[in-house]
Amino acid sequence: MRISKGIIGLAIGLGLLLLLVANAPARLLLAVLPEQQLVLQGISGTLWQGRASRSLVAVEGGWLQLGATEWTLKPFSLLLLAPRLQLESHWGRQTLVADLTLRSADTIEMNNVDLRVDAGLLRQYLPLGLVGDVAAQFETLEIVDGMPVTASGRIVWQEGGWISPQGRRSLGSYAVDLNSPEPGLIAGEVITLAGDLTAQGNVSLEQAQYRIDVTLEGSGLQDPQLSQALQLVAAPVAGGFRVQLEGQL
C-alpha cells in the first residue's frame, strides 16, 4: 500500500513538474539569448511558443529591426546546450523566416533562411539612394560577433532602381550566388537577371574584409546622372564602368 501511494505521489509530482515546464513563461528565453546578438522586447506566450512585439538582430554597424516575431523552441535542443528556434518576423514589407540555433554567446547558425528587406538599407554603404526589394534565401548562414562567416544561398535585388533628382529610375534585377569555399570566406558571383544595366563580377567577405569587382555595361549607362553618380565608386572602362572596392566592414 505504501509503495502504491509512493508511486502515485511520484506520478503526481512529475505531472506537476511537466505542467510547470510546459507553461514556462516566454521571458525565460532571455536567460539563454546572447543579448549582444539578438534582442527581444514585449515578450508574451510560453518558452516553447511565444511572441515578441519588437526584435532586433546585431549587424555590422548597428541593429537590424525585425519587428514582431513569433518563435517555436525545440525542447530537446536545450539538452544539447544549443537552443534551436523556428523564427518568423514581420515589419512592414520586411519579413524573415528561419531556423536559428544559438551555438554560443557570440555564434548564431541559421538554416532555411528566407529574408526580404528594402534596398534602402544599403544606402549607408553606397552613394546612391537605392530602391526595390532585396530577397535572400540561404540554406545555411553562420554569424559570429554580428559578422557572416559562412553562407550558402542567393541574394536577389528585384526591380532595382535608384533615386535621381528627377525621381525614381529603373536599373533591373540582379542576383549574387554565395558559397563558402573555405571556413571564414564567403564568395559570390554577380549576375544580371533583367534590365538595361548589366552587372557581372565577383564579391567576397573574409574576416570583415570585403572585395568587390563588378563590371557595369548596357544602355542604362546612357543616363548622365547615373554615370556621374557611378564615377564616385567606379572607373570608366571600354563600354561601361568597373567597380573595384576593398575595405573593412
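On a predicted model such as this, the values are computed, not experimentally measured, just so you know. Going along each chain's sequence as written, the residues are numbered from 1 onward. Totals for whole chains, interfaces and linings use all residues, but because this is a predicted model, local features are given only for residues with pLDDT of at least 70 and pairs of side-chain atoms are given and counted only at 80 or more. Where side-chain values are given, they derive from all heavy atoms of the structure, hydrogens and water being excluded.

K.L.:
It is not clear to me how a nonpolar patch on the surface should be interpreted in this structure. Could you clarify?
P.N.:
On the surface, a nonpolar cluster with roughly 440 Å² of combined accessible area is contributed by F76, L79 and L80. Residue position: L79 is located in helix 2 (residues 75-79). Residues form patches when they are more than 30% accessible in relative terms and have no salt bridge. Like charges link within 9 Å. Nonpolar side chains (Val, Leu, Ile, Met, Phe, Trp, Tyr) link within 5 Å. Here the accessible surface of atoms and residues is derived via Shrake-Rupley with a 1.4 Å probe, and residues count as covered only by protein chains that are part of the display. Here, a salt bridge means any side-chain nitrogen of Lys or Arg that lies within 4 Å of a carboxyl oxygen of Asp or Glu. The helix count covers DSSP runs of H or I at least four residues long, the strand count covers runs of E at least two residues long, and both are numbered beginning at the N terminus.

K.L.:
Can you walk me through the confidence of the model for the protein chain in this structure?
P.N.:
Caution is warranted with low-pLDDT regions, since their predicted coordinates should not be read in detail. pLDDT: the predictor's confidence for each residue, scored from 0 to 100. Looking at the protein chain as a whole, the pLDDT averages 79, with 81% of positions reaching at least 70. Confidence, expressed as mean pLDDT per element, reaches its minimum in the protein chain at helix 1 (residues 2-22) with 43 and its maximum at strand 11 (residues 185-194) with 94. By definition in these notes, contact holds between two residues if any of their heavy atoms fall within 4.5 Å. Counting contacts from residues 8-22, a segment whose pLDDT is below 50, to residues more than four positions away or on other chains yields three contacts.

K.L.:
Looking at this structure, how should I read the pattern of salt bridges?
P.N.:
Side chains that differ in sign of charge can pair as their charged atoms come close. Evaluated as defined, the whole model comprises eight salt bridges. Ionic pairing is found between D99 and R84, a salt bridge with its closest N-O pair at 3.7 Å. One end of the pair, D99, is in strand 6 (residues 94-104); the other, R84, is in strand 5 (residues 84-91), with 15 residues separating them in the sequence. Here E246 makes a salt bridge to R211, at a shortest N to O gap of 3.7 Å. Taken together, the residues E246 in strand 15 (residues 240-248) and R211 in strand 13 (residues 209-217) connect sequence positions 35 residues apart. Buried, partly exposed and exposed residues are distinguished by accessible area as a fraction of the type maximum, computed with a 1.4 Å probe on protein chains only: under 20%, between the cut-offs, and over 50%, respectively. Note on E246: relative accessible area 54%, which makes it exposed. For R211, a relative accessible area of 37% translates into the label partly exposed. When salt bridges with common partners are traced through the structure, they connect R93, R116, D118 and D133 into a single cluster.

K.L.:
Honestly, unusual backbone geometry in this entry has me stumped. Any pointers?
P.N.:
Negative phi values dominate among residues other than glycine, just as trans dominates among peptide bonds. Unlike most non-glycine residues, E159 shows phi in positive territory, near 50°. Mapped onto the elements, E159 comes out in strand 9 (residues 147-164). One non-glycine residue, A208, adopts positive backbone phi at about 70°. Here A208 is to be found in the loop between strand 12 (198-206) and strand 13. A relative accessible area of 13% means that A208 is categorised as buried.

K.L.:
How do you make sense of the packing of aromatic side chains when you look at a structure like this?
P.N.:
Two measures describe an aromatic ring pair: the distance that separates the ring centres and the angle between the ring planes. The aromatic pairing rule takes the rings of Phe, Tyr and Trp, using the six-membered ring of Trp, and pairs them if the centres are within 6.5 Å, calling planes under 30 degrees apart stacked, those over 60 edge-to-face and the rest tilted. Following the criterion strictly, the structure yields one aromatic pair and no others. The interplanar angle of 40° and the centroid separation of 5.8 Å between the aromatic rings of W157 and Y174 together place this pair among those described as tilted. Residue W157 is located in strand 9, and its partner Y174 is located in strand 10 (residues 167-182); the two are separated by 17 residues in the primary sequence. Overall, Y174 belongs to the buried group, its relative accessible area being 8%.

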